[in-house]
Amino acid sequence: MTSARTAPAAVLCGLGAVLPPRAVANEALCAELDTTDQWIRTRTGIRERRIADPSVSTADLAAAAAATALESSGSRDVHAVVLATTTPDHLMPATAPAVAARLGLTDTAAFDVAAVCTGFVYALATAAGLIHAGTARRVLVVGADRMSRLPAADDRTTRPLFADGAGAVVLRSGDTNEPGALGPVVLGSDGTRRDLLVVPHGGHMHMQGPDLFRHAVDRMCSVTRQAVQLAGWRLEDVDRIVPHQANARITAAVGRHLAIGADRLVQHIETVGNTGAASIPLALAQASADGTLLHRHRVCLTAFGAGLTWGATSVIWPDLKPAAHPHHDTAMERP
Ligand code: UT7
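Residue numbers restart at each chain and count upward from 1, following the sequence in its written direction. Given that this is a predicted model, residues contribute local features only at a pLDDT of at least 70 and side-chain atom pairs are listed and counted only at 80 or more, while totals for whole chains, interfaces and linings are drawn from all residues. In computing side-chain properties, one takes all heavy atoms of the structure into account and sets aside hydrogens as well as water.

Let us now look at the site of the ligand. The full set close to the ligand counts 20 residues, and Thr35, Arg43, Arg156, Asn247 and Asn274 are the nearest of them. The separation between a nitrogen atom of the ligand and a polar main-chain atom of Arg156 is 2.8 Å. Distance and chemistry together define a polar contact, namely a pair of N or O atoms within 3.5 Å, with one atom able to donate a hydrogen and the other to accept it when in protein, and with adjacent residues in sequence counting only for side-chain atoms on both sides. In this structure, an oxygen atom belonging to the ligand sits 2.8 Å away from a side-chain N or O atom of Asn274. All accessible-area figures derive from a Shrake-Rupley calculation using a 1.4 Å probe, and residue coverage is judged against the displayed protein chains alone. Within the complex, 74% of the 960 Å² of free accessible area of the ligand lies under protein. Using protein atoms alone on a 1 Å grid, points that fit a 1.4 Å probe yet trap it form a cavity, whereas open point sets bounded by protein on both sides within 12 Å along at least five of seven lines form a pocket; residues with an atom within 4 Å of a point count as lining. Think of it this way: if more than half of a molecule's atoms are within 2 Å of a pocket's grid points, that molecule is in the pocket or cavity. In this structure, the ligand is accommodated by the second largest pocket. Secondary structure is summarised from DSSP: a helix means a run of H or I of at least four residues, a strand means a run of E of at least two, and numbering begins at the N terminus for each. Breaking the shell around the ligand down by element, the ones donating at least two residues are helix H2 (37-44), helix H6 (209-230) and helix H7 (248-258). Top contributing element to the shell around the ligand by residue count: H6, with four residues. For the shell around the ligand, the residue count by class is ten nonpolar, six polar and four charged. Throughout, the term near means that a residue has one or more heavy atoms lying within 4 Å of the molecule or strand in question. Residue polarity is assigned by list, with Asp, Glu, Lys and Arg as charged and Ala, Val, Leu, Ile, Met, Phe, Trp, Tyr, Cys and Pro as nonpolar; anything else, Gly included, falls into the polar class.

A word on the sheet that holds strand E13 (residues 309-316). Read across the open sheet, the four strands follow the order E8-E13-E12-E11; overall the sheet is mixed. Each end of this open sheet is capped by a strand with a single partner; those strands are strand E8 (186-189) and strand E11 (240-243). Strand-to-strand, the axes of this sheet are offset by a mean angle of 15°, without reference to chain direction. Contacting E11 and strand E12 (298-305), helix H9 (residues 279-289) crosses the sheet at an angle of about 140° to E11. By the convention used here, strands pair only if DSSP detects at least 2 bridges between them. Each axis is a line fitted through C-alpha atoms, taken for helices only over the stretch in contact, and angles between the N-to-C directions span 0 to 180 degrees. Residues count as neighbours in contact if any of their non-hydrogen atoms are within 4.5 Å of one another.

This part covers H2. Structurally, the α-helix is built with 3.6 residues per turn, so residues lying three or four positions apart point the same way. Burial classes: relative accessible area under 20% of the type maximum marks a residue as buried, over 50% as exposed, and values in between as partly exposed (1.4 Å probe, protein chains only). Among the residues of H2, Asp37, Ile40 and Thr44 are the ones counted as buried. Seen from one end, H2 has its buried residues packed into an arc of 85°, which puts them on one side. Close packing links the buried residues of H2 with helix H1 (26-30), strand E3 (48-50), H7 and helix H8 (269-272). Just downstream of H2 lies Gly45, where phi reads positive at about 85°. Directions pointing from the helix axis toward each C-beta atom define the arc.

Pairing of aromatic rings covers Phe, Tyr and the six-membered ring of Trp, with a centre-to-centre limit of 6.5 Å; geometry is then stacked below 30 degrees between planes, edge-to-face above 60, and tilted otherwise. One pass over the full model with this rule turns up zero aromatic pairs. The ring of Trp310 carries Arg219 above its face, with NZ or CZ at 3.8 Å from the centroid. Counted as over-ring charges are cases with an Arg CZ or a Lys NZ within 6 Å of the ring centre that also lie within 35 degrees of the ring normal.

In this structure, Ile241, Ile250, Val254, Leu258 and Phe304 are the most contacted members of the largest nonpolar core, which totals 44 residues. Contributing elements (two or more residues each) for this core: H6, H7, E12 and E13. At eight residues, H6 tops the list of elements feeding residues into this core. Just so you know, the domain bounds were taken from an automatic or database domain assignment. Inspection of this core shows a minimum of three residues originating in each of domain 1 (9-178 + 324-332) and domain 2 (186-316). Setting aside its immediate chain neighbours within four residues, Val254 contacts Val217, Met220 and Cys221. What we call a nonpolar core is a set of buried Ala, Val, Leu, Ile, Met, Phe, Trp, Tyr and Cys residues that are connected through their side-chain atoms within 4.5 Å. Counting 43 residues, the second largest nonpolar core, distinct from the first, contains Leu282, Leu293, Leu301 and Ala303.

What follows is about the confidence of the model for the protein chain. Confidence scores here are pLDDT values: one per residue, from the predictor, ranging 0 to 100. The share of residues in the protein chain with pLDDT of 70 or more is 94%, and the mean pLDDT across the chain is 94. Across residues 324-330 the pLDDT falls below 50, and counting only partners more than four positions away or on other chains, this stretch makes twelve contacts in the model.

In structure tokens, the structure reads:
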């Protein structure tokens, strides 16, 4: 008789993030756009956002965040690098091999995942699949974006929202019952509504904000319910929801619909803005550093983005070592 072999789980064992040091307050945007601090604050929840200098690439941000995640995982050894980004440095090749090379990984699988603001959850699912299949035992998953490059300079609808940053996690092969083991991932897309948020070739971002807002709330609610149910939890068991940070009113509406109070919703948009695929790992790094996320908390990650795309997963928060020293000498700081 042969014993049943179950696929290894993907276990979160490292976490890091970086933000560009330059904070741009709403007041600074008012000098360039027909807007007010009060409008931006009340409609989006954003007070300031971090904007990288023009010379800083997505690979710069990604490599800096990845280095801190590797450090926190206790090993620099990984077998694949999966980078979620909407702002690759080139049309080709992908940005992930450059990030891997910056980390000294010149013999390692590396590729980009494009699912806009849902990119990090898609990348987690992809990395977990590599681990389940036995293709890789340790995978670096990075979400990095220079979203501030996409809006037109005079677009008051999109410029106040989008910002820059990067976050990363390390997943290792392990056991389903360990803290840090990713639960089932739920992913979805609806390309019939791709018109709601689009950057045409060679052009600037166009967004139909109010429609996108409604889809974001609906999809994040339904995908969160599905991921929580597949984890075998009830919504009332969830200690923290870490949503993609698109708009503080979207997060609040998701909380209202799911009857999850503000104390269980992780929010950082006020000082960070919408950083695309970086938003969830950045929120995780901040919440882990400030004690909002605690060992054994039941955590649900949920995202929505252009595409349309959406996704969610669950994790019992592991006992992570904080990264001790940044491995980068660029002008970036940890959140
Ligand atoms: O990352 C995932 C994808 N992104 C999202 O999911 C974003 C979803 N959408 C949103 O966050 C919101 O729709 C926005 C923040 C973009 C806009 O907020 P809103 O409450 O939906 O405002 P609105 O688009 O309905 O606009 C209301 C008014 C309009 O003026 P009128 O037509 O009422 O005279 C806009 O022209 O506000 C005006 N407006 C502004 N006024 C001052 C739009 N942008 C600005 C601005 N400053 N920056």
